[in-house]
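# Notes for the structure review
One-letter residues, chain by chain:
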Amino acid sequence: MNVLLSNLVLALIWAALTDTMNAGGIVIGFFIAYLVLILVFRQHPDVRQYRLRVPRMFSFVVFFTKELVMANLKVAYDVLTPIHLMKPGVIAMPLRAESDMEISMLANAISLTPGSLSLDVSSDRKVLYVHVMYLDNEEEVMNELKRLETKILRVMR
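Here the structure is a predicted model, which means the values were calculated and not measured.

Within the fold, V141 resides in helix α5 (residues 138-156). Look at V141 and you get buried, because its relative accessible area is 11%. Put simply, V141 and R51 are 90 residues apart on the chain and 32 Å apart in space, counted from C-alpha to C-alpha. Once you skip the residues sitting within four places of it in the chain, V141 turns out to touch I91, V132, Y134 and L135.

Scanning the entire structure with this criterion turns up 4 aromatic pairs. Relative to F31, the ring of F30 has its centre 5.8 Å away and its plane inclined at 85 degrees; by these criteria the two rings are edge-to-face. Exposure remark for F31: the relative accessible area of 36% places this residue in the partly exposed category. Among the aromatic residues, those joined into a ring-pair cluster are F30, F31 and F58.

Turning to the pattern of salt bridges, a few remarks are in order. The final tally for this structure, using the stated rule, is 7 salt bridges. Across the pair E149 and K146 runs a salt bridge, and its minimum N-O distance is 3.3 Å. You can see E149 and its partner K146 sitting in helix α5, 3 residues apart, about one turn around the helix. Each of the salt bridges in this network shares a partner with another, and the network as a whole consists of K66, E67 and R147.

What follows deals with the UniProt feature "transmembrane region" (unreviewed entry) in the protein. Within this structure's numbering, the places UniProt gives as "transmembrane region" (unreviewed entry) are residues 25-41. Helix and strand shares over residues 25-41 are 94% and 0% respectively, and the end C-alpha atoms of the span are 23 Å apart.

Another point: α5. The end-to-end C-alpha distance of α5, which contains 19 residues, comes to 27 Å, matching closely the 27 Å that a straight helix rising 1.5 Å per residue would cover. Buried within α5 are the following residues: V141, M142, L145, L148, E149, I152, L153 and V155. The arc that holds every buried residue of α5, seen down its axis, measures 160 degrees, which confines them to one face. Buried residues along α5 sit against α3 (45-80), β1 (89-94), α4 (100-112) and β3 (127-132). Capping of α5 at its N-terminal end is provided by N137; its side-chain oxygen lies 3.2 Å from the backbone amide nitrogen of E139.

Let us now look at the pairing of β1. Of the two faces of β1, only one is covered, namely that formed by G89, I91 and M93; the face formed by V90, A92 and P94 stays uncovered. In the sheet, β1 pairs with β3 via 6 bridges, with the strands oriented antiparallel. By the bridge assignment, V90 is partnered in β3 with H131.

Assignment of secondary structure puts V9 in helix α1 (residues 3-17). Looking at V9, the relative accessible area reads 42%, which means it is partly exposed. Taking C-alpha positions, V9 is 8.8 Å from A33, a pair spaced 24 residues apart along the chain.

Thresholds applied
- Residues numbered from 1 in each chain as written.
- Predicted model: local features only at pLDDT ≥ 70, side-chain atom pairs only at ≥ 80, totals over all residues.
- Heavy atoms only, no water.
- Helix = DSSP H or I, 4+ residues; strand = E, 2+ residues; numbered from the N terminus.
- Buried < 20%, exposed > 50% of the residue type's maximum accessible area, 1.4 Å probe, protein only.
- Contact = heavy atoms within 4.5 Å.
- Phe/Tyr/Trp six-rings, centres within 6.5 Å; stacked < 30°, edge-to-face > 60°.
- Salt bridge = Lys/Arg side-chain N within 4 Å of Asp/Glu carboxyl O.
- UniProt positions renumbered as here; feature names shortened; annotations may be inferred.
- Expected span 1.5 Å × (residues − 1).
- Arc of directions from axis to C-beta.
- Polar contact = N/O pair within 3.5 Å; in protein donor to acceptor, adjacent residues only side chain to side chain.
- Pairing = 2+ DSSP bridges.

Printed below as a string of structure tokens:
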């Protein structure tokens, strides 16, 4: 049973039946369908796992949106002011992500964030090389990247 697909189909049906075929209607339909699925099929093993995944996904979206806004403001401030605060550098980030999908999600999230760019993955897939614009404190940057990786892994696993 593909629970996510079922949830999306029910959300689209909800939006169509309530004549709210827009982002808000689909989001409301998604959450109503989510509640219906976890209540009706609560004993199904796929649903038990999915029940935890959706809140983690929502948490990641909120977290990443906040990080994205903060990074945009930091880069915009640096571009618009006469004093440049950037200290670019490349760091080697040890990976806990193992699958290609997990590594790709992490690399894409890093590259989507202004001021950082994933460059390469080592041949043994244990290290991700990241270029950052603000490498004032390597430990702090590494902690931020590790926090992003943790959030992604909680959604993916």
